[in-house]
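Letter by letter, the chains look like this.
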Amino acid sequence: MRRILPAVCLAVCLMTAASLAAQDLQLPATIAAGSELTIPTSGSGAATFYLIGPSYLAKRQVQLGQEIHIQPREVRSAGRYTAVLRGGGSSQSGSFYVVAAKPASLSFLAHPSRIPVAQRDGVIGVAFVFDKWHNLVRRPETVDFRLAAKDAPPVAQSVRSRDGVAWILMNSAHKAGNAKFVAALDGIEETRVIQQVAADPCHLQIRAERNAKGVLVQTAPVRDCSGNPVSDGTVVTFTANGPQGLSTVDVPIKKDIAQAELQIPGPATISVASGVVMGNEVKVGGQQ
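Residues numbered from 1 in each chain as written. Predicted model: local features only at pLDDT ≥ 70, side-chain atom pairs only at ≥ 80, totals over all residues. Heavy atoms only, no water.

S.K.: Just checking my understanding: could you explain the pattern of salt bridges for this structure?
M.R.: Where charged atoms from two side chains of opposite charge come close, those side chains can pair. Here the structure, examined in full by the defined rule, presents five salt bridges. The shortest N-O distance in the salt bridge between Arg60 and Glu74 comes to 3.0 Å. Here the residue Arg60 occupies a position in strand β5 (residues 57–63), and Glu74 occupies one in the loop between β6 (68–70) and β7 (79–87), the gap between them amounting to 14 residues. Across the pair Asp163 and Arg138 runs a salt bridge whose closest N-O atoms are separated by 3.5 Å. (Salt bridge = Lys/Arg side-chain N within 4 Å of Asp/Glu carboxyl O. Helix = DSSP H or I, 4+ residues; strand = E, 2+ residues; numbered from the N terminus.)

S.K.: What is the right way to look at the side chain of Gln196 in this model?
M.R.: Tracing the chain through its elements places Gln196 in strand β16 (residues 188–197). Classification of Gln196 by relative accessible area gives buried; the value is 2%. For Gln196, the side chain forms a polar contact with the main-chain nitrogen of Ala173, separated by 2.8 Å. Setting aside chain neighbours within four positions, we find Gln196 in contact with Ile115, Val117, Ala149, Ser172, Ala173, Lys175, Ala176, Gly177 and Ala179. (Buried < 20%, exposed > 50% of the residue type's maximum accessible area, 1.4 Å probe, protein only. Polar contact = N/O pair within 3.5 Å; in protein donor to acceptor, adjacent residues only side chain to side chain. Contact = heavy atoms within 4.5 Å.)

S.K.: I tried to follow the sheet that holds strand β22 (residues 245–252) on my own but got confused; where do I start?
M.R.: Strands pair in a sheet through their backbones, by hydrogen bonds, and they do so in one of two ways: parallel or antiparallel. Spatially, four strands are ordered β22-β21-β24-β25 in an open sheet, and the strand pairing comes out antiparallel. This sheet does not close on itself; its edge strands, each paired only once, are β22 and β25 (277–284). Taken pair by pair, the neighbouring strands of this sheet meet at an average axis angle of 20°, ignoring direction. (Pairing = 2+ DSSP bridges. Axes fitted to C-alpha atoms, helices over the stretch in contact; angles between N-to-C directions.)

S.K.: Help me understand the sheet that holds strand β14 (residues 165–170), please; the structure alone is not making it clear to me.
M.R.: Here three strands make up an open sheet; going across it, the order is β9-β11-β14 and the pairing antiparallel. Both outer strands of the open sheet, β9 (105–111) and β14, are each paired with one neighbouring strand and no more. Taking each pair of neighbouring strands and ignoring which way they run, the sheet shows an average axis angle of 15°. Pairing analysis gives seven bridges linking β9 to strand β11 (residues 123–130), with the strands arranged antiparallel. The residue of β11 that forms the bridge with Leu109 is Val126.

S.K.: Any chance you could explain the packing of aromatic side chains here in plain terms?
M.R.: Where two aromatic rings form a pair, the distance of their centres and the angle of their planes describe that pair. Within this structure, the stated rule accounts for four aromatic pairs. For the ring pair Tyr81 and Phe96, a centre distance of 5.5 Å and an interplane angle of 10° mean the geometry is stacked. Residue Tyr81 is found in strand β7, and its partner Phe96 is found in strand β8 (residues 90–99); the two are separated by 15 residues along the sequence. Each member of the pair, Tyr81 together with Phe96, is buried. Residues Phe108 and Phe145 carry aromatic rings whose centres are separated by 6.0 Å and whose planes lie at 50° to one another, so their mutual orientation is tilted. Taken together, the residues span a long stretch of sequence, with Phe108 in strand β9 and Phe145 in strand β12 (residues 142–149) at a distance of 37 residues. Residue classification places Phe108 among the buried positions, given a relative accessible area of 2%. Exposure remark for Phe145: the relative accessible area of 1% places this residue in the buried category. Through a chain of ring-to-ring contacts, the aromatic side chains of Phe108, Phe145 and Phe181 assemble into a single cluster. (Phe/Tyr/Trp six-rings, centres within 6.5 Å; stacked < 30°, edge-to-face > 60°.)

So, in structure tokens, the structure goes:
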């Protein structure tokens, strides 16, 4: 009889342990952020419910046999959530994932804000897709990019996002001026302005004439290769080479032209350059 009692006690202990072992709560695998969730329970009596998420922690008393209601504000952040129910001599738990809801906003970055015309793949656009709770929408979405310059047909292209990000490279237009760079998705639009400016000067031309003070040298209106006026302030270098040696002067463009007064008493050859762009040469004689 004494040998039987320990075996009976062991069986009872194992049964009790089994009844207290954690069971799975009936939870969905995933829900959208900001959704309402109902969790069924069984049994009777009071119990304690815990909800643990990426940015949320809750503990409250519930009644077994009644549904547990999870409010939308409790599951706004995307990520893994764990639910635990303890009461009635047992413990139940489970987990589910909250994924981003439908797109509600775009964070749009455009670079650079100022770019020369006719630059291949020079304009970069990056769009981040978020839901109303600021979760990154990681499922693929189609983002429409559009670059529109004044007096030119817009250039548009659609890109599928990857892990919440869509990006694109676009050419700058051939005409200087402000261009609207737009990213759009399901009626959501974000606009940035890209300032397209003239590129490097092209086909520099100068003329020179002697006067009482020396030699007045002046460029023709300075344009880039697409015909856009080069921005004021762009530096033009005049170089004079004569018997007195070599001399240079840097002059900024003002109202499309650059000009300078060179103190050259004798004959000289005058050339012009801007950056790596060379222009024509002119010869002037000495003072009369």
